[in-house]
Amino acid sequence: MEYTVAQKIIKAHLVKGEMITDTEIAIKIDQTLTQDSTGTMAYLQFEAMGIDKVQTKKSVAYIDHNILQTGPENADDHLYIQTVAKKHGIYFSKPGNGICHQVHLERFGVPGETLLGSDSHTPTGGGIGMLAIGAGGLDVAVAMGGGEYYITMPKIVKVNLSGKLSPWVAAKDIILEVLRRLTVKGGVNKIFEYAGDGLKTLSVPDRATITNMGAELGATTSIFPSDDITYKFLKAQHREEDFVELKADDGAVYDETVEIDLSKIEPLVACPHSPDKVVLVSSLKDIKVDQVLIGSCTNSSYVDMMKVSKILLGKNIPEDMSLAIAPGSKQVLNMLSKNGGLGDMIDAGARILESACGPCIGMGQAPSTGAVSLRTFNRNFKGRSGTTSANVYIVSPEVAVASALKGYITDPRELGEAVKVDMPEEFVINDNLIISPAEDGKDIIVKRGPNIKPFPKAKELIGNVTGKILTKLGDNITTDDIMPSNAKLLPFRSNIPYLAEFCLTPSDAEFPAKAKKYDGGIIVAGSNYGQGSSREHAALAPLYLGVKVVLTKSFARIHKANLINNAIIPLVFNDVKDYEDIDMMDELVIEDAANQIKKGLVIVKNITKGSEYKTLPEVTQREKEMLIHGGLINLMKNKKKVGV
Ligand code: MIC
Ligand code: SF4
């Protein structure tokens, strides 16, 4: 039998099920990563399992999101994660060491291994041939405890790359082209596997930019083969012993194929407010830019930064331009500072930011009212920048820096001859911001700040489920809409009662008040509900507010799993026309809900309208049990087992 790269890794890690598309499988997880904004919950859940030491080959806890310390909350959470990590066998990457995905690629990722991360951009690891998947914190906690991870066996899409990128065209433009063609819902339950002659023209950072933004397609993950280019990258990181070659067998069968001729791609831009609103940069005329931000887990590698630095060399940004640059890791920042690249950026007028997520998650640098902001990031959802009226465009570093110099959205080909930056033969290695776990964590005391509140617990499903429609939403609602994140809210990621006050408020300001008044209820939405982040808070806050059911045209993968883990029933209309029949404040009832879920068809009665809708739970046998037992934690308790 011939296999693709993804199938080979899945086969080697398969613990339950068979590799049959659209059926449930469980895989063993080799490595986990967490970051601080989802990590506190994940570690609280891990502690609740009562396991002394993580059961993975390697688990790493990063601090990179909540780094603006305007009060004690974030620093308290950092201390909690640092001590809990030391106690339970987890490596700890201190604030300042960089963005989890960038650092993981540099220092920990291993081709052919599986990685589960409590962040939706974990697929960045696919750039070196890892099967790297984003998940909610509870799923990552279970994997740390040695439990398997369940997914629907995805379709495998071959992205066949031919030719070579033209000067000034970047890896970012390749993934923007895929997004343009397939949209933000085009990747659900799919793995994008890159192949073809064009592979040899793409470096590891290029590949990681592409797999990173596969998250914006809604994909389960994206992956590149592990080849000579991967070997050179690992060798330059002094990690050649981690290399294994991985390629698809000749004759491997893919479910779909996407053909991309790299030589035909031109500089692209995703317009406000969605990463799939992609057009040619050259088609946008006279758009004045107020702010340019370069960095994030998508485009903050050494090579990206050096390109930016070389383009800025000897030039000045215009007086009404704010340019800020955040190198992705301590390694990148250190190398730029040693070779003078950093000085050239500073000379040109750039503001240098800490190596962290920063403005990508609204932690500072919110643009001015109505501003145009160009970012090398991966998401431009409305309001995510911290300024609701801002217009955020997503671009490559080349387009970003050309526009920063000209003051208008600019095709970088206007700058003349393209700059060239080679991958270094050797990276500067200094891991003194990575703290190893204790040999024996028995005596380590975990420090818990007062901001850490217990997480809400779901209840067993008994009898009828009734509730009012608290809100009716459209298509592509993001987790940023459901549980907004910004510098003011991120410090409360371990305080669900506080966060719940802001649940769904960007779409419906009255939502928390209505949920409290009616003692919870039901959310109705269009397709791709919950796209974007892996934040479990987008399920925990509704759970706290008493939401029992979310009824939609379709769900995004990670958010649906988070709802089920927390026993909120995800239902999909059998006939999407029924969506039109429902109005806000209609009273719905699901009779004997547990039994209907078991049968796989749920009749939802609209008491107000006197009508009824056929809906599908679209859940596996195991997920049905979770919904009925009151979520994953209760099910594990009932079965006395880690992971079920
Ligand atoms: C994001 O890019 O939205 C985040 C912040 O990294 C999230 C995680 C979170 O909400 O904490 C993600 O992508 O999963
Ligand atoms: Fe951080 Fe932004 Fe990457 Fe999320 S997308 S991990 S906030 S840099």
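The protein chain carries the name Aconitate hydratase in an unreviewed UniProt entry, which gives Clostridium estertheticum subsp. estertheticum as its organism. One UniProt comment on the protein chain, placed under Sequence similarities (unreviewed entry), says "Belongs to the aconitase/IPM isomerase family."

Novice: Tell me what's going on with the pattern of salt bridges, and back it up with residues and numbers.
Specialist: Two side chains with opposite charge may pair up if their charged atoms get near one another. The final tally for this structure, using the stated rule, is 31 salt bridges. For Arg413, the salt bridge is made with Asp411, and the minimal N-O distance between the two is 2.6 Å. You can call Arg413 partly exposed: its relative accessible area is 34%. Using a relative accessible area of 8% as the deciding quantity, one classes Asp411 as buried. Put simply, Glu591 and Lys605 hold a salt bridge, and the shortest N to O gap is 3.2 Å. With Glu591 in the loop between strand S25 (587–590) and helix H19 (593–599) and Lys605 in strand S26 (residues 602–606), the pair connects residues that are 14 residues apart, well separated along the chain. The exposure class assigned to Glu591 is partly exposed, which follows from its relative accessible area of 37%. Within the structure, one salt-bridge network assembled from shared partners comprises Asp30, Lys57 and Glu113.

Novice: Tell me about the pairing of strand S15 (residues 291–294), and please be specific about residues and values.
Specialist: Burial along S15 is two-sided: Gln291 and Leu293 and Val292 and Ile294, pointing in opposite directions, are all buried. Here S15 pairs with strand S16 (residues 322–325) via 4 bridges, running parallel. Within S16, the residue paired with Val292 across the bridge is Leu323. In terms of handedness, the path from S15 via helix H9 (residues 302–312) over to S16 forms a crossover that is right-handed. With 3 bridges connecting them, S15 and strand S18 (residues 372–375) associate as parallel partners. From the neighbouring strand, Val292 faces S18, where its bridge partner is Leu374.

Novice: Please give an account of the environment of Leu473 that cites residues and values.
Specialist: Among the secondary structure elements, Leu473 is positioned in the loop between strand S21 (465–472) and helix H13 (479–482). For Leu473, a relative accessible area of 5% gives the class buried. Taking the C-alpha atoms as reference points, Leu473 and Tyr393, separated by 80 residues in sequence, lie 24 Å from one another.

Reading guide: rules and limits
- Residues numbered from 1 in each chain as written.
- Chains lettered and ligands numbered in written order.
- Predicted model: local features only at pLDDT ≥ 70, side-chain atom pairs only at ≥ 80, totals over all residues.
- Heavy atoms only, no water.
- UniProt positions renumbered as here; feature names shortened; annotations may be inferred.
- Salt bridge = Lys/Arg side-chain N within 4 Å of Asp/Glu carboxyl O.
- Buried < 20%, exposed > 50% of the residue type's maximum accessible area, 1.4 Å probe, protein only.
- Helix = DSSP H or I, 4+ residues; strand = E, 2+ residues; numbered from the N terminus.
- Pairing = 2+ DSSP bridges.
- Right-handed = clockwise from strand over helix to strand, strands pointing away.

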